[in-house]
Amino acid sequence: MQDLDNILEKLKEEIKKVNDEIELNNLRVTYLGKKGSISALSSQIGSLKPEERKDFGAKLNQVKEEATALIDEKKKEIDERVLNEKLKSEDIDVTLPATSISVGAPNILEKVVEDVEDVFMSMGYDVVDGPEVEEDHYNFELLNIPKGHPARDAQDTFYIEDDTILLRSQTSPVQARTMLAAGGDKPIRMICPGKTYRRDADDATHSHQFMQIEGLLVDKNISLSDLKGTFDVIAKHLFGEDCETRFRPSYYQFTEPSVETDISCFACKGSGCALCKNTGWITVSGAGMVHPNVLRNCGYDPEVWTGFAFGFGAERLAMLKYGIDDIRTFYQTDLRETHTFDRRDDNND
Ligand code: DAH
């Protein structure tokens, strides 16, 4: 009995020095484990006289319960302390400045293209796609630019296979593909935004890969004034209601007549500045009436059908709209630039 009391006293002393769960577990094993000191005493019960066994048994149980209670209580104390320490170490200081999260922004070129698509779709145009790896036949020949024609020199082309397969140097081949697919007996309204490639050295205004937005309308009784009206709608949408437009005579193999389409300079409102090179006007696309040879090559009878076509440089539109002075900006994925565009856009809206 005395041994049992001593064990309990010893436990009470030792438990005071326990600091963590591992030490407490060791203590539990030392006292209450199978080979622990309390269990060791309980095995002596057999050697006691029968009349002593009852009291000893009762005392043993009491000591066991007390020891268990002491250990459980200590465990609670340790758990609580660990939790408090954890809470303290993970404490959030709400007065600290917040870390800024860098969120993505829409690609500005894509945004301009989508904007143009929306306007044309509202006028009943389809947005179509065409291959970037193209045949010379579609890129040049069907568009009235036969092999050896000097007009080819204006588009220094990446050839992939001899002189038959190339990276398209313009989106105009999609005109030919669309007309051929339509079968020569239906009106067409389509635009095709897409990547184009030329063997140009990259600089502030040239990129070996750039983007065009091609447009084609074929129907009966279409005239240059329809092109003018259409161009007017898109120019006003992109550059504001007070934007004026004009056509200047030009030359393309696949249109006759051909024009350059200008918008009035939004920076100086026509009085002359560096942006418009003091002319008051800025050129934004090439266009014209689809050449009878092209209509014929693509299965449309030029005696019955007429049409207009145009080609915008997408980067040029975006550069003008957002005041960007280097075409390489679009292809260098500099997040700081994207965010600048974003802010400019907010200011514009
Ligand atoms: N494809 C021409 C170029 O890359 C642009 C162009 C001019 C497209 C007149 C047209 C057009 O559809 O009618 O320079």
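These lines cover the structure that appears in this document, whether it is placed above or below.

Definitions and limits used
Each chain carries its own residue numbering, running from 1 in the direction its sequence is written. Local features in a predicted model are, by the rule used here, given only for residues with pLDDT of at least 70; side-chain atom pairs are given and counted only at 80 or more, and totals for whole chains, interfaces and linings are based on all residues. Hydrogens and water are ignored here; the side-chain numbers use all heavy atoms of the structure. Points on a 1 Å grid over protein atoms alone make up a cavity when a 1.4 Å probe fits among them but cannot get out, and a pocket when they form an open set with protein on both sides within 12 Å along at least five of seven lines; lining residues each have an atom within 4 Å of a point. Grid points are joined across faces, edges and corners, and a volume is the space filled by probe spheres set on the points. Think of it this way: any DSSP run of H or I at least four residues long counts as a helix, any run of E at least two long counts as a strand, and we number them from the N terminus. Following the grouping adopted for this structure description, the nonpolar residues are Ala, Val, Leu, Ile, Met, Phe, Trp, Tyr, Cys and Pro, the charged ones are Asp, Glu, Lys and Arg, and the polar ones are all others, Gly among them. Centres within 6.5 Å are what make two rings of Phe, Tyr or Trp a pair, Trp counting through its six-membered ring; a difference in plane orientation under 30 degrees is then read as stacked, over 60 as edge-to-face, and the rest as tilted. A 1.4 Å probe rolled over the protein chains alone gives each residue an accessible area, and that area as a share of the maximum for its type sets the label: buried under 20%, exposed over 50%, partly exposed in between. In short, DSSP must find at least two bridges between two strands for them to pair. Note on contacts: a residue pair qualifies if any of its non-hydrogen atoms lie within 4.5 Å across the two residues. Axis lines are fitted to C-alpha atoms, over the contacting stretch for helices. Their N-to-C directions set the angle, which ranges from 0 to 180 degrees. Working rule for helices: expected span equals 1.5 Å times residues minus one.

Things to note about the layout of surface pockets
Over the atoms, a rolled probe matching the size of one water molecule traces out where space is still vacant.
Consideration 1: Volume-wise, the largest pocket comes out at about 1300 Å³.
Consideration 2: Lining the largest pocket are 50 residues, with Arg198, Gln212, Val284, Gly313 and Arg316 sitting closest to its centre.
Consideration 3: Only strand S6 (209-219), strand S7 (245-252), strand S8 (255-264), strand S9 (281-290), strand S10 (306-313) and helix H10 (314-322) provide two or more residues apiece to the lining of the largest pocket.
Consideration 4: Here the lining of the largest pocket takes 8 residues from S9, the largest share from any one element.
Consideration 5: The residue inventory of the lining of the largest pocket, partitioned by class, reads 21 nonpolar, 18 polar and 11 charged.

Concerning the packing of aromatic side chains
Consideration 1: By the definition in use, this model includes 9 aromatic pairs.
Consideration 2: Consider the rings of Phe120 and Tyr125, whose centres lie 4.9 Å apart with planes at 70°: the pair is edge-to-face.
Consideration 3: For Phe120, a relative accessible area of 1% translates into the label buried.
Consideration 4: For Tyr125, a relative accessible area of 5% puts it in the buried group.

Looking at the sheet that holds S8
The strands that make up a sheet are held in pairs by hydrogen bonds between backbone atoms, and each pair lies either parallel or antiparallel.
Consideration 1: Read from one edge of the open sheet, 7 strands run S1-S5-S6-S10-S9-S8-S7, paired in mixed fashion. Sheet topology places strand S1 (126-127) and S7 at the edges, where each strand pairs with a single neighbour.
Consideration 2: Alignment of strand S5 (residues 188-197) against S6, held across 10 bridges, turns out to be antiparallel. Its bridge partner lying in S6, Gly194 is registered against Gln212.
Consideration 3: Helix-sheet contacts for helix H7 (residues 173-182) involve S5, S6, S9 and S10, and the interaxial angle to S5 is about 145°.
Consideration 4: Sitting on the sheet, H10 touches S6, S9 and S10, and the angle it makes with S6 is about 105°.

A short note on the pairing of S5
Consideration 1: Burial within S5 is extensive, with 8 of its 10 residues counted as buried.
Consideration 2: Taken together, the 2 bridges between S1 and S5 define a ladder with parallel strand orientation. In the sheet register, Asp126 faces S5, and the bridge partner there is Met190.

Points about the pairing of S7
For a regular strand, the rule is simple: side chains alternate between the two faces of the sheet.
Consideration 1: Pairing of S7 with S8, which is carried by 7 bridges, proceeds in the antiparallel orientation. Across the sheet, Ser250 pairs through a bridge with Ser258, a residue of S8.
Consideration 2: If you look at the hairpin formed by S7 and S8, you'll find 2 residues sitting between the two strands.

Quick look at empty space enclosed by the protein
Consideration 1: Taken as a whole, this structure holds 1 cavity of 30 Å³ or more when the rule is applied.
Consideration 2: Its volume calculated, the largest cavity comes out at about 50 Å³.
Consideration 3: As for the largest cavity, its lining consists of Phe120, Leu227, Thr230, Phe231, Ile234, Thr261, Ser285, Ala287, Phe310 and Phe312.
Consideration 4: Of all elements in the fold, only helix H8 (224-239), S9 and S10 reach the threshold of two or more residues within the lining of the largest cavity.
Consideration 5: Considering every element that reaches the lining of the largest cavity, the biggest residue donor is H8, with 4 residues.
Consideration 6: Split into classes, the residues belonging to the lining of the largest cavity amount to 7 nonpolar, 3 polar and no charged.

Considerations on helix H4 (residues 50-89)
Consideration 1: In this model H4 runs 58 Å from its N-terminal to its C-terminal C-alpha over 40 residues, within 8% of the 58 Å that 1.5 Å per residue would give.
Consideration 2: Residues Phe56, Gly57, Lys59, Leu60, Val63, Ala67, Ile71, Lys74 and Ile78 constitute the buried set of H4.
Consideration 3: Residues of H4 that are buried sit in contact with helix H1 (2-16), helix H2 (21-32) and helix H3 (37-42).

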